[in-house]
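Below are the chains, spelled out letter by letter.
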Amino acid sequence: MIKRGCSFLGFITTVFLLAFFIFTQHSASGQIFIDEGQDRGLDAIISTLSVGGSGVSSVDFDQDGDDDLTLGNNGNILFYENVDGQFNLIDPNIDTPSGEIRGVIWTDINNDGNLDLMISAYLGEIRLYKNIGSFEFEDITETSGISYEVAPNWGISFSDVNRDGFVDLQISRYQNWVNPPESPSVQPELWTRLYLNNGDETFTDSTIESDFVIEPAPVFLGVFFDFNNDLWPDNYSIIDRVPGNRLFVNNQ
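These lines cover the structure that appears in this document, whether it is placed above or below. Just so we're clear, the structure is a prediction, and the values are computed from it rather than from any experiment. (Residues numbered from 1 in each chain as written. Predicted model: local features only at pLDDT ≥ 70, side-chain atom pairs only at ≥ 80, totals over all residues. Heavy atoms only, no water.)

## Considerations on the overall build of the protein
And then number 1: If you tally the helices and strands in the protein, you get one helix and 15 strands.
And then number 2: Burial statistics for the protein: of 252 residues in total, 42% are counted as buried. (Helix = DSSP H or I, 4+ residues; strand = E, 2+ residues; numbered from the N terminus. Buried < 20%, exposed > 50% of the residue type's maximum accessible area, 1.4 Å probe, protein only.)

## Some remarks on the layout of surface pockets
And then number 1: One number sums up the size of the largest pocket: a volume of about 310 Å³.
And then number 2: For the largest pocket, the lining is made up of 17 residues, of which Leu 194, Ser 210, Val 249, Asn 250 and Asn 251 are closest to its centre.
And then number 3: For the lining of the largest pocket, the secondary-structure elements that each account for two or more residues are β11 (193–197) and β14 (234–239).
And then number 4: Partitioned by chemical class, the residues of the lining of the largest pocket number nine nonpolar, six polar and two charged.
And then number 5: Taken as a whole, the second largest pocket holds about 160 Å³ of empty space.
And then number 6: Taken together, 13 residues form the lining of the second largest pocket, with Gly 55, Val 56, Arg 102, Gly 103 and Gly 155 sitting closest to its centre.
And then number 7: Elements with a contribution of two residues or more to the lining of the second largest pocket: β5 (100–107) and β9 (151–159).
And then number 8: The element contributing the most residues to the lining of the second largest pocket is β5, with four residues. (1 Å grid on protein atoms, 1.4 Å probe; cavity = no way out; pocket = protein on both sides within 12 Å on 5 of 7 lines; lining within 4 Å. Points joined across faces, edges and corners; volume = space filled by probe spheres on them. Nonpolar A, V, L, I, M, F, W, Y, C, P; charged D, E, K, R; others polar.)

## Considerations on the side chain of Arg 193
And then number 1: With respect to the helices and strands, the residue Arg 193 is situated in strand β11.
And then number 2: Within the structure, the side chain of Arg 193 is placed 2.7 Å from the side chain of Asp 205, a separation counted as a polar contact.
And then number 3: Within polar-contact distance, the side chain of Arg 193 engages the side chain of Thr 207 at 3.4 Å.
And then number 4: Each residue touching Arg 193, except ones within four places of it in the same chain, is listed here: Leu 169, Gln 170, Ile 171, Arg 173, Pro 184, Pro 188, Asp 205 and Thr 207. (Polar contact = N/O pair within 3.5 Å; in protein donor to acceptor, adjacent residues only side chain to side chain. Contact = heavy atoms within 4.5 Å.)

## Considering a nonpolar patch on the surface
And then number 1: Taken together, the side chains of Val 223, Phe 225, Phe 227, Tyr 236, Ile 238, Leu 247 and Val 249 define a hydrophobic patch exposed on the protein surface, amounting to about 550 Å² of accessible area.
And then number 2: You can see Leu 247 is positioned in strand β15 (residues 246–248). (Patch = residues over 30% accessible without salt bridge, like charges linked within 9 Å, V, L, I, M, F, W, Y side chains within 5 Å. Areas by Shrake-Rupley, 256 points an atom, 1.4 Å probe, with all protein chains shown as cover. Salt bridge = Lys/Arg side-chain N within 4 Å of Asp/Glu carboxyl O.)

## Structural notes on empty space enclosed by the protein
And then number 1: Taken as a whole and judged by the stated rule, the model has one cavity of 30 Å³ or more.
And then number 2: As a volume, the largest cavity reaches approximately 40 Å³.
And then number 3: Around the largest cavity sit 10 residues that line it, and Trp 191, Thr 192, Ile 214, Glu 215 and Ala 217 are the ones nearest its centre.
And then number 4: Looking at side-chain class alone, the lining of the largest cavity contains seven nonpolar, one polar and two charged residues.

## Focus: the sheet that holds strand β4 (residues 86–90)
In a beta sheet, neighbouring strands pair by backbone hydrogen bonds and run either parallel or antiparallel.
And then number 1: Across the sheet, four strands lie side by side as β1-β2-β3-β4; this open sheet has antiparallel pairing. Since the sheet does not close on itself, it has two edges, and those belong to β1 (56–59) and β4, each with one partner. The mean inter-strand angle of the sheet, taken between neighbouring strand axes irrespective of direction, is 25°.
And then number 2: Alignment of strand β2 (residues 68–73) against strand β3 (residues 76–83), held across five bridges, turns out to be antiparallel. Each residue of the ladder has a partner; that of Gly 72, found in β3, is Ile 77. (Pairing = 2+ DSSP bridges. Axes fitted to C-alpha atoms, helices over the stretch in contact; angles between N-to-C directions.)

## So, unusual backbone geometry
And then number 1: Although it is not a glycine, Leu 231 adopts a positive phi angle of roughly 75°.
And then number 2: Positionally, Leu 231 belongs in the loop between β13 (219–225) and β14.
And then number 3: Within the chain, Gln 252 stands out as a residue other than glycine whose phi angle is a positive 65°.
And then number 4: By secondary structure assignment, the location of Gln 252 is in the segment after β15.

Note that all results are geometric; they support no functional claim without further evidence.
Written out as structure tokens, the structure is:
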């Protein structure tokens, strides 16, 4: 009886240790992901005319509590509305700028609670669409103060850099220079720019005044973050190849 009891106890111990081993190995291997894009309606094939890819954002643009998807696709934009976990392609009646779509960024530029949309296009234009409510949009690009000439636009970044309560803007530009201009005041559409939000749906170019000058370079994207915990957003801009990335410390 004692031997049988010990064997049973050993069996239980072995099973427990085996289960524990499997559980810990599974946990240590990380999360498990299942590709369900096709089944959930995300069947678009994204293509570009040149190397670089198109922009994407995951934002609840219809503000129903579920994250939606916005994708650039050459000269088009695809809006996928998330409805109970299924993505439906919708048309918000927004004109797409010329060029290859790079940035599709949602933010609230005027603090009215509605998400506005900014689009950047490489060798194309910048467009800013104000959300006037009920998912209706008004193109306010030409009155916004933002340069919208055809340019090598790439990434878009928003952050309240001066902490006045309104989001400010960086437009990155990917420019391979042959004969670069000497100053951002010359050929401004070719330089990465910093715009401050005036709070009235207009922006002021503050690139030179803020000393936010990146030497002629192919800039992909700037990321705002507070690396020194002083509550003022700093900026790290990613530059292709040379001369290397740049860190701008916000000196208030």
